[in-house]
Structures are given as structure tokens and as C-alpha cells.
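Tertiary structure, described
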Amino acid sequence: MMIKFDNSYARLPEGFYTRIAPRAVAAPALLAFNTGLAEELGLSLDYAAMAPVFAGSELPDGAEPIAQVYAGHQFGGFSPQLGDGRAVLLGEVIDPAGHRRDIQLKGSGPTPYSRNGDGRAWLGPVLREYVVSEAMHALGVPTTRALAAALTGEPIYRQEGAVPGAVLTRVASSHIRVGTFQYFAARRDVEALHALYDYTAARHYPDANGPADFLRAVCAAQAELVAHWMSLGFIHGVMNTDNTALSGETIDYGPCAFMDVYHPVTVFSSIDAQGRYAYDNQAHVIVWNMAQLATSLVPLMPDRDAAIEEFTAIIHAMPALVDAAWLRRMGAKIGLKEATEADKPLIEGLLERMQAGRADFTNTFRALTEGAARDQFLDPAAFDQWEPEWRARIEREADPSALMQASNPWVIPRNHRIEEMILAAREGDFAPFERLLSVLSKPFEAQPGVEDLRRPPEPSEVVQQTFCGT
Ligand code: AMP
Ligand code: MG
């Protein structure tokens, strides 16, 4: 078994992690392997023989497993020490394009950061992360990826009762989080903070000229990311600072979901009682998260007051970045190549009518392309009022249909289909999982025979509760 590891994080000082191997399990069995991603990583693996590796029972040559330490604001409250409580980083590979990628096992047993947790993941959330992260990638959104999923052959205990244990092999540009910076900043370990900064800047923002520039680059990446999510109706669900990656990739798919009916305050996590991470609040929370990053970077600067002033200006500039990215992406969804402020009322007018008319987010935008959007509204008259204004505006566009086709997915992973897939998998039927994966690998293409995956849930099918997906 050949993986050519080059483990740079494990060469950082001891205080960045704990060296710990994944815990061997009873009966490793491979459920899924992502051959496309393996190719992209330049791995040539006899994956059929690799169940013990992907379940955590066997270490591949060259791996130097570590659990990374971090901190984070969880629902606004600061936890000074979190960390990989049920994950280990096996190591890093450099893909043929020259990008360094982490290979991590998630659900691989307890670590010193497990607190009261069992260090495990169950099949349901593992398959959800597999499907949704791969769908996000196919939708063009920066994200961690899924390389493999394996069963452990051991039951674990959750709200649902005894459920099958599973391990996800996750690939990421890195697992460095806002919370990683917060960890060292909170401990006032300026030396470690410098080492982390140097490492992260070199790995993700090599052109950044100092911490202010670095902060600006992370803000830009996160503004793009969150606007991208919102343009697809995606709700992350747990935008804690430990779930915000410095790379600008989507990370940690817990109670995430795509909206069905458009409603801006949709919340998917049942523990998010105040709607902190509601759909439309994501644009604000990401700025708050970047302010926490900024705070953590201050000790790197020689002049504290000057740094605070400079960083404050960067944070204050961020809402405009999110807005601009939002406008560009939402404009593209209605066929505008370069939407301007003047186009905002047109976009908002549609969204308001969608909300009032209980229109399905994904299907309404896609139907615009096909001239069938009015059927999506409870009261089509509301759409009929909007449509002429829109038609008049896209007269000035060169090729609005092509842009709309490329900006409005035909199919997304709907929550009720994910839940259905998980239920089937629990019973040993993985056909719905395979089917979702296959259909969602081409989300912008109309595909015959899968109309059922496009259908919004009936009232009885709406998923009522999504817990932290653990
Ligand atoms: P999450 O909500 O998945 O982002 O996790 C938040 C924190 O809880 C992280 O430090 C995780 O490592 C830890 N954690 C979550 N689930 C478990 C588990 N089953 N066992 C141990 N630690 C966990
Ligand atoms: Mg997390």
C-alpha cells in the first residue's frame, strides 16, 4: 500500500497536537471509495484491500497520526480547548498539481481531546458528510472531500439507540481553523502563534505580506464561500469558529442542509434555538468569526493599537465583500453577468415573492431557465408581476440562459432524501447512497429517471430534527 506522505504539521512544535494512533476496530469493511479523488491525489491504491486502513485498524506506511488541538467559539461561547476528539490526521500528500492535502480519519477513536465523547462517528453522519461534501464539490464550492467510508463492525450508542460505527476518510487543504489561532492566542503563547501563522501563511496565502494582508485574504475567501453557500440555499448549521477553516473550504458537515422552500430564517440545527446559524445570518456570522481571527492575530503585531485599528478596518470592510459576492452570484442565477447595486431590487423582489409564495429555492431558480417558474408559487400572480421586469432586464445580457444553467443546479441533496438514504443504510441497503452520489456528481445536468430526487418534501417528509450529526 503506497501513500507518499510528507507530514509537515507533525513537524510543528509538540504543543500543536498529540501523537496518537487510530484505535483498531472489530471488523473493518469498506463502504465507499472515491476513485476520482484518489486519482486527483495521485494515489494508486488497491483499495479493496484497504478496509483496515480506512477503518483505522492499520496504519499505512509513512503515516504519523496526530490529533490536532484547537479552541473555538461554540454558539458564541468560548471553549479554550477543543481539538480532534474523534479524528486523527494520518498525514499529508502533495497531489500532482502540487497542492498539499491532509488525509484524516474521522470517527477513529478517542483522543486526549475527546472530553466526554466516545471518539466515534456513526454510519448516518459519515454517509451524510460523504454525500453532501462530494455534492458541494460537484457544485463548485470549495470543500473538504470524502475519500472513503468504512464500517467498524462495532455498535455505538446515540440518541437513535445502538447504531453502526463508521469512519470517514476526509481530505482537506488543511484542517487549520480559526479556533487553531484562538487556541494559542488565548494561552498567550506568542511564539507558537508566530509558528502557526508562518505555517498557515506559507501553506494557504504565500503572497500575503504580513498578518493584516493574511487577514484580508482569509476574509476574501470566506466572503466568497458564504455567498456561494447562500446562492445554493445551503445552511452550514454549526458555523462555530472551530468549524471555519483558514483555507476557505467548507468543513464539518453536521446538521447542514439545503433549503427546500425559500425562507431566510431557516434553521437546521435543533440545538440552535436562537437561530444564530440561520440561512440569512450566515453572512453576519462569518464576519463575527473573522473578527475572532483578527483578535487572535493581534499579538503577532509589534504595535498593538495600530494593529487593532488596521484589523478593525479590514473587518468593517468585510460585509461589503460578502454583499458583492452575493450580488454577483444571485445576479448570475437570474442571468445577469455583472449585476450591480441597481439590480438588487430585482433579485430581492424575486426572493420576497418566493418567500410569500412558499416557492422551492432550487427548483424555482432552475425553472426560470425553462420558463416554468410561475408554477412554483402558491400564487403565480406574484411571479407574473415580477417576470416582465426581469425579461426587460435580461434583454441587455449576451447569453443569460447559459449563465443560468451554470448557476442553478438541477438537483441538490435534499434533506429528506439524505435521511431516507441513512435509514436504508442502517438496514444494510446502500443503493440509495450510491444513487445519490452518482446523481449529485452532475448536479447541473438534467438527468432522466431521477425526478424523485428533485421533488421537495411532502409535509410528512420534512425532516423535523437534525442534531449535531455526531
Ligand atoms: P463538532 O460539533 O463535530 O464540530 O465537534 C465539536 C468538538 O467536539 C470537537 O472538539 C470534536 O472533536 C468533539 N467531538 C464531537 N463528537 C465527538 C465524539 N463522538 N467523541 C469525542 N469528541 C467529539
Ligand atoms: Mg468541528
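Keep in mind that what you see is a predicted model, and the values were worked out from it rather than measured. (Residues numbered from 1 in each chain as written. Chains lettered and ligands numbered in written order. Predicted model: local features only at pLDDT ≥ 70, side-chain atom pairs only at ≥ 80, totals over all residues. Heavy atoms only, no water.)

Structural notes on the coordination of the magnesium ion (ligand 2)
- For the magnesium ion (ligand 2), the protein coordination sphere consists of Asn243 (OD1) and Asp252 (OD), at 1.9 to 2.2 Å. Take Asn243 and Asp252: they sit in the same class, and that class is buried. (Donors = N, O, S within 2.8 Å, 3.2 Å for Na, K, Ca; no water. Buried < 20%, exposed > 50% of the residue type's maximum accessible area, 1.4 Å probe, protein only.)

Description of the pairing of strand E6 (residues 100–106)
- Of all seven residues in E6, six are buried, a share of seventy percent or more.
- Hairpin connection of strand E5 (residues 87–94) to E6: five residues between the antiparallel strands, including Gly98 at a positive phi of 95°.
- Where E6 and strand E9 (residues 161–172) come together, five bridges link them in antiparallel fashion. By the bridge assignment, Asp102 is partnered in E9 with Ala172. (Helix = DSSP H or I, 4+ residues; strand = E, 2+ residues; numbered from the N terminus. Pairing = 2+ DSSP bridges.)

A look at the site of ligand 1
- In the region of ligand 1, 18 residues are neighbours, and Gly83, Gly85, Arg86, Asp118 and Gly119 sit closest.
- Contact distances for ligand 1 include 3.1 Å between an oxygen atom and a side-chain N or O atom of Arg115.
- For the shell around ligand 1, the elements supplying multiple residues, two or more each, are strand E3 (66–74) and strand E4 (77–83).
- For the shell around ligand 1, the domains that each give at least three residues are domain 1 (9–172) and domain 2 (189–410 + 454–470). (Near = heavy atom within 4 Å. Polar contact = N/O pair within 3.5 Å; in protein donor to acceptor, adjacent residues only side chain to side chain. Domains from an automatic or database assignment.)

Quick notes on the packing of helix H6 (residues 211–231) against helix H7 (residues 282–297)
- Here H6 crosses H7 at 160°, and the two axes come no closer than 10 Å. Accordingly, the angle class assigned to the pair H6 and H7 is roughly antiparallel. When the axes of H6 and H7 are compared, the crossing they make is right-handed. Here Pro211, Phe214, Leu215, Val218, Cys219, Gln222, Val226, Trp229 and Met230 of H6 lie close against H7, whose contacting residues are Gln282, Ala283, Ile286, Met290, Leu293, Ala294 and Leu297.
- Split into classes, the residues belonging to the contact of H6 with H7 amount to 14 nonpolar, two polar and no charged. (Axes fitted to C-alpha atoms, helices over the stretch in contact; angles between N-to-C directions. Parallel < 35°, antiparallel > 145°, perpendicular 65-115°, else oblique. Left-handed = near helix turned anticlockwise from the far one by under 90°. Contact = heavy atoms within 4.5 Å. Nonpolar A, V, L, I, M, F, W, Y, C, P; charged D, E, K, R; others polar.)

Quick look at the side chain of Thr369
- When you line up the elements, Thr369 lands in helix H11 (residues 361–370).
- Engagement of the side chain of Thr369 in a polar contact is seen with the backbone oxygen of Arg366, the distance being 3.0 Å.

Remarks on the packing of aromatic side chains
- The final tally for this structure, using the stated rule, is 22 aromatic pairs.
- Each ring, one from Phe33 and one from Phe54, has its centre 5.7 Å from the other, and the planes form 40°; the classification is tilted. With Phe33 in strand E2 (residues 29–33) and Phe54 in helix H2 (residues 51–54), this residue pair connects regions lying 21 residues apart in the sequence. With respect to class, Phe33 is no different from Phe54; both count as buried.
- Grouped by ring-pair contacts, the aromatic residues Tyr9, Phe16, Tyr17, Tyr183, Phe184 and Tyr199 constitute a single cluster.
- Of note, Arg276 hangs over the ring of Trp288, and the distance from its end group to the ring centre comes to 4.6 Å.
- We note Lys333 situated over the ring of Phe365; from NZ or CZ to the ring centre the distance is 4.7 Å. (Phe/Tyr/Trp six-rings, centres within 6.5 Å; stacked < 30°, edge-to-face > 60°. Lys NZ or Arg CZ within 6 Å of the ring centre and 35° of its normal.)

Let's talk about the nonpolar core
- In terms of nonpolar packing, the biggest core is built from 124 residues, with Tyr9, Phe181, Ile334 and Leu368 touching the most fellow members.
- Structurally, this core is a two-domain feature, drawing no fewer than three residues from each of domain 1 (9–172) and domain 2 (189–410 + 454–470).
- Not counting residues up to four positions away in its chain, the partners in contact with Tyr9 are Phe16, Tyr17, Ile66, Gln68, Leu89, Glu92, Ile176, Thr180, Leu196 and Tyr199.
- With 24 residues, the next largest nonpolar core counts Ala63, Val93, Leu105 and Leu147 among its residues. (Core = buried A, V, L, I, M, F, W, Y, C linked by side-chain atoms within 4.5 Å.)

Some words on empty space enclosed by the protein
- Evaluated as defined, the whole model comprises two cavities of 30 Å³ or more.
- Its boundaries defined by the atoms lining it, the largest cavity holds a volume of some 60 Å³.
- Looking at the lining of the largest cavity element by element, the count peaks at four residues for H6.
- Across the lining of the largest cavity, the residue classes tally to seven nonpolar, five polar and one charged.
- What the second largest cavity holds in volume is close to 40 Å³.
- Around the second largest cavity, the lining residues are Arg128, Val132, Cys256, Ala257, Phe258, Pro413, Asn415 and Ile418.
- Mapped by element, the contributors of at least two residues to the lining of the second largest cavity are helix H3 (123–138), strand E11 (257–258) and helix H14 (415–426).
- A breakdown of the residues in the lining of the second largest cavity according to their chemical character gives six nonpolar, one polar and one charged. (1 Å grid on protein atoms, 1.4 Å probe; cavity = no way out; pocket = protein on both sides within 12 Å on 5 of 7 lines; lining within 4 Å. Points joined across faces, edges and corners; volume = space filled by probe spheres on them.)

Observations regarding the domain arrangement of the protein
- Domains assigned within the protein are domain 1 (9–172) and domain 2 (189–410 + 454–470).
- There are three salt bridges connecting domain 1 and domain 2.
- A salt bridge links Asp252 to Arg170; the shortest N-O distance between them is 2.7 Å.
- At the junction of domain 1 and domain 2, the tally comes to seven residue pairs in polar contact (both at pLDDT 80 or more).
- Those elements that place two or more of their residues in the side of domain 1 that touches domain 2 are E3, E6, strand E7 (121–122), H3 and E9.
- For the side of domain 1 that touches domain 2, the leading source of residues is H3, giving six residues.
- Broken down by class, the residue content of the side of domain 1 that touches domain 2 amounts to 16 nonpolar, nine polar and 11 charged. (Salt bridge = Lys/Arg side-chain N within 4 Å of Asp/Glu carboxyl O.)

Observations regarding the layout of surface pockets
- Within this model, the second largest pocket holds a volume of roughly 600 Å³.
- Looking at side-chain class alone, the lining of the second largest pocket contains 11 nonpolar, 12 polar and four charged residues.

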